[in-house]
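# What the coordinates show
Here are the chains, one letter per residue:
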Amino acid sequence: EEYLEAENLLFYHVPELKEYDFTLPLTKLDEITFYSSLHANIYRASGRIAESERINISINETMLLDDRRKLSGVEYILIGNFGVGSLEDEHIIDYLEMSLDNGFLGDWRFHVMMNPVFEPLHNHPRYIALVKRFEDKMARQLALVNARELQHNNTQDKSL
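Cut-offs and rules
Residues numbered from 1 in each chain as written. Predicted model: local features only at pLDDT ≥ 70, side-chain atom pairs only at ≥ 80, totals over all residues. Heavy atoms only, no water. Helix = DSSP H or I, 4+ residues; strand = E, 2+ residues; numbered from the N terminus. Expected span 1.5 Å × (residues − 1). Buried < 20%, exposed > 50% of the residue type's maximum accessible area, 1.4 Å probe, protein only. Contact = heavy atoms within 4.5 Å. Patch = residues over 30% accessible without salt bridge, like charges linked within 9 Å, V, L, I, M, F, W, Y side chains within 5 Å. Areas by Shrake-Rupley, 256 points an atom, 1.4 Å probe, with all protein chains shown as cover. Salt bridge = Lys/Arg side-chain N within 4 Å of Asp/Glu carboxyl O.

## A few points about helix α6 (residues 89-101)
Helix length check: α6 (13 residues) gives 18 Å between terminal C-alpha atoms against 18 Å at 1.5 Å per residue, within 8%. Where α6 is concerned, the buried positions are Ile92, Ile93, Tyr95, Leu96, Glu97, Ser99 and Leu100. Directly after α6, the chain includes Gly103, whose backbone phi takes a positive value near 95°.

## Concerning the environment of Gly106
Counting through the fold element by element, Gly106 comes out in the loop between α6 and α7 (108-113). A C-alpha to C-alpha distance of 9.1 Å links Gly106 and Met138, two positions 32 residues apart in sequence.

## Some words on the side chain of Glu7
Tracing the backbone through its elements, the reader meets Glu7 in helix α1 (residues 2-13). Discounting chain neighbours no more than four positions away, the residues touching Glu7 are His39, Ile42, Tyr43 and Arg48.

## Considering a nonpolar patch on the surface
On the surface, Phe110, Met113 and Met114 cluster together to form a nonpolar patch covering roughly 340 Å² of accessible area. Note on placement: Met113 falls in helix α7.

## A closer look at the environment of Ile77
Tracing the sequence through the fold places Ile77 in helix α5 (residues 73-83). Through-space distance from the C-alpha of Ile77 to that of Tyr95 is 6.5 Å; in sequence the pair is 18 residues apart. Not counting chain neighbours up to four residues away, the residues in contact with Ile77 comprise Leu96, Ser99, Phe104, His111, Val112 and Phe118.

## What to know about the environment of Arg54
With respect to the helices, strands and loops of the structure, Arg54 is situated in helix α4 (residues 49-67). Measuring from C-alpha to C-alpha, the distance between Arg54 and Thr23 comes to 7.0 Å, with 31 residues separating the pair along the chain.

## What about the pattern of salt bridges?
Here the structure, examined in full by the defined rule, presents eight salt bridges. Put simply, Arg126 and Asp94 hold a salt bridge, and the shortest N to O gap is 2.6 Å. On the criterion of sequence distance, the pair formed by Arg126 in helix α8 (residues 125-159) and Asp94 in helix α6 is long-range, its members being 32 residues apart. For Arg126, a relative accessible area of 23% translates into the label partly exposed. Where Arg109 meets Glu135, a salt bridge forms, and the shortest distance between an N and an O atom there is 2.7 Å. In this pair, Arg109 sits in helix α7 while Glu135 sits in helix α8, placing the two residues 26 residues apart along the sequence.

Printed below as a string of C-alpha cells:
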C-alpha cells in the first residue's frame, strides 16, 4: 500500500509519466528520465521486477545514446543517479568519476555525498577515493581563488 501511495504521489507531480511508453528509449536525459528512475525503484521495491526492468531498459538505452556525445559533468551525475537499481555499483562510480573528470565541481557535496541514492556506495573504496579527489580539487580551486584575491589586494595597495 505504501508503494501504491508513492506511485500515486509521483503520478500526481509528474502526470506525463503515467502515459509514457517505456517500450521506447527515452529521447534524452532530462527530468522525465529522473522521475522514470524513481518510478522503476518504486516498482522494484514493491516486487514488480518486470515493470522495473522495462523502465530501466529504456533508461539504459537512453544513457547509451547520450553517452556517444560528450556530456557535461552534471549529466554524468544524472546518469549515475538514474543507474541506481539497474547498474552495478562499479558502473555508477564510473559515471561519478566521469563527472569530476568532465568539470563537475559545483554543489558536488549535495549531488554526490548528500544524495541518499548514493548512500550505499559510501563505504566502497572507489567512492571514498572519489570523495578525496573532489576534496582535493576543491582545495586547489580555493587556493587559486585566495591567491588571486591576495594578488588583487596587493595591486590595490600599491596603487594607493
